[in-house]
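Notes for the structure review
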Amino acid sequence: MTTPEYASEEPSGALPDPLLPDPLLPDPLPGPLPGPLVGVDWLAGRLGAPGLVVLDASVGAHRGAGRRIPGARPFDLDGDLSDHTAPAPHTMPGVPEFTEAVRALGLADTDTVVVYDGAGLYSSARAWWMLRAMGFDRAAVLDGGLPAWTAAGLPVEATAAAYEGPRGSFTARPRPGLLVDSATVARALTDPDAAVLDARTRERFAGTAPEPRPGLRGGHMPGALNLPFAELQDPDGLMRPAGELRAAFRELAGDRERLCFSCGSGVTACVLALAADLAGYRDIAVYDGSWSEWGMPSQLPVTTAQGG
């Protein structure tokens, strides 16, 4: 797969602190985010405030569940917010296509965004990472997503067919290195200062469970490490505390600070990216094609060996 224009074959280095204000933009409304993850109480206390945009990034069956947080707009990863000309699903669209899709959702550069999904902590992190890759840092993921919102007794409404409000003025500022290609991942697999972590289940990683997408080989990249994304969440579907997240990464990656994440199609790899960000890692990348690309019949190496 060709590296998109917003990506880079070389690591981008440390990410800027998303909590620091951009001196080129006015202060966001309704105020700065507390971090890349917010709780339902934080959102409930600000819902409907000017400048706050809530995005529903649900995929699959959850996208058609028929209910949403009031006023949420559809960030459609199964639709126009993926590049359907690419061989791998959920591939990041190009800069013009992404800009058009986000402007159609009414997003402006000065908005504050909270993104959630109907599964909990699943596809919402993908939307957050895409926005960050396009230079938009005024975004956070709702911890626990719609299940946490409804469990708290907070209101929902029927899902609208589409957003019909005014267009936004979003400006893409592509950030190299946050979404990378197979060549970059191949180099990371042999880099002693980097670690490649796979968010798929342990069974898929080992090749003992079939891949949900036909035609893909079973197993994993030689040298990759397995950290299923669900293991970073507590029994209620909320993200584990930052200290526990850091310990989970250190158990696998040791003192390596350059982390690259993969999964089935580049979606739940972003849950690992979110967790790594919360744990204090700053040199982070997501393999856009993930196993949907690497696992296709090709010369890219695959193994089912433990520790391989």
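Here's what I pulled together on the structure shown here. Since we're looking at a predicted model, the values are computed, not measured.

Now for helix H7 (residues 242-253). Note: α-helices contain 3.6 residues per turn, so residues at a spacing of three or four share the same orientation. Helix length check: H7 (12 residues) gives 16 Å between terminal C-alpha atoms against 16 Å at 1.5 Å per residue, within 8%. One or two positions beyond H7, positive phi appears at glycine 254, with a value near 65°.

Pairing in this open sheet of 5 strands is parallel, and the strands run S8-S12-S11-S9-S10 from one edge to the other. Two strands bound the open sheet, and with one partner strand each, they are strand S8 (179-180) and strand S10 (225-226). Taken together, the 2 bridges between strand S9 (residues 194-198) and S10 define a ladder with parallel strand orientation. By the bridge assignment, leucine 197 is partnered in S10 with leucine 225. Lying over the sheet, helix H3 (residues 124-133) contacts S8 and strand S12 (283-287), oriented at roughly 115° with respect to S12. Seen against the sheet, helix H5 (residues 182-189) touches S8, S9, strand S11 (258-262) and S12 and runs at an angle of roughly 115° to S9.

Okay, the side chain of serine 290 next. Secondary-structure assignment places serine 290 in helix H9 (residues 290-294). Side chain to side chain, serine 290 and serine 262 meet in a polar contact 3.4 Å long. Excluding its chain neighbours within four sequence positions, the residues that come into contact with serine 290 are Ser262, Cys263, Gly264, Ser265 and Gly266.

For the structure shown, the criterion picks out 0 disulfides. Cysteine 263 supplies the cysteine sulfur nearest to cysteine 270, a cysteine that is in no disulfide, at a spacing of 6.8 Å.

This part is about the packing of aromatic side chains. Using the criterion set out here, one finds 7 aromatic pairs in the structure. Through a chain of ring-to-ring contacts, three or more aromatic side chains come together here, namely Phe98, Phe136 and Phe170. A cation sits over an aromatic face here: arginine 200 above tryptophan 291, 4.3 Å from the ring centre. Here the guanidinium or amino end of arginine 246 rests over the ring plane of tyrosine 281, the centre of that ring lying 4.0 Å away.

It is worth spelling out the sheet that holds strand S5 (residues 112-116) at this point. Within the open sheet, the 5 strands sit side by side as S1-S6-S5-S2-S4. Their pairing is parallel. Strands with a single pairing partner mark the edges of an open sheet, and in this sheet they are strand S1 (37-38) and strand S4 (73-74). Summarising the sheet, S5 and strand S6 (residues 139-142) pair through 3 bridges and their orientation is parallel. Bridge pairing in S6 links valine 114 to alanine 140. Relative to the sheet, H3 contacts strand S2 (52-56), S5 and S6, its axis offset from that of S6 by approximately 175°.

Looking now at the packing of H7 against helix H8 (residues 269-278). Axis separation between H7 and H8 bottoms out at 8 Å; the angle between their running directions is 115°. With respect to each other, H7 and H8 are oriented roughly perpendicular. The chirality of how H7 crosses H8 is left-handed. Residue-level contacts link Ala242, Leu245 and Phe249 of H7 to Leu272, Ala275, Ala276 and Leu278 of H8. When grouped by side-chain class, the residues that make up the contact of H7 with H8 number 7 nonpolar, no polar and no charged.

Cut-offs applied
- Residues numbered from 1 in each chain as written.
- Predicted model: local features only at pLDDT ≥ 70, side-chain atom pairs only at ≥ 80, totals over all residues.
- Heavy atoms only, no water.
- Helix = DSSP H or I, 4+ residues; strand = E, 2+ residues; numbered from the N terminus.
- Expected span 1.5 Å × (residues − 1).
- Pairing = 2+ DSSP bridges.
- Contact = heavy atoms within 4.5 Å.
- Axes fitted to C-alpha atoms, helices over the stretch in contact; angles between N-to-C directions.
- Polar contact = N/O pair within 3.5 Å; in protein donor to acceptor, adjacent residues only side chain to side chain.
- Disulfide = S-S within 2.5 Å.
- Phe/Tyr/Trp six-rings, centres within 6.5 Å; stacked < 30°, edge-to-face > 60°.
- Lys NZ or Arg CZ within 6 Å of the ring centre and 35° of its normal.
- Parallel < 35°, antiparallel > 145°, perpendicular 65-115°, else oblique.
- Left-handed = near helix turned anticlockwise from the far one by under 90°.
- Nonpolar A, V, L, I, M, F, W, Y, C, P; charged D, E, K, R; others polar.

What is shown is where atoms sit, not what they do.
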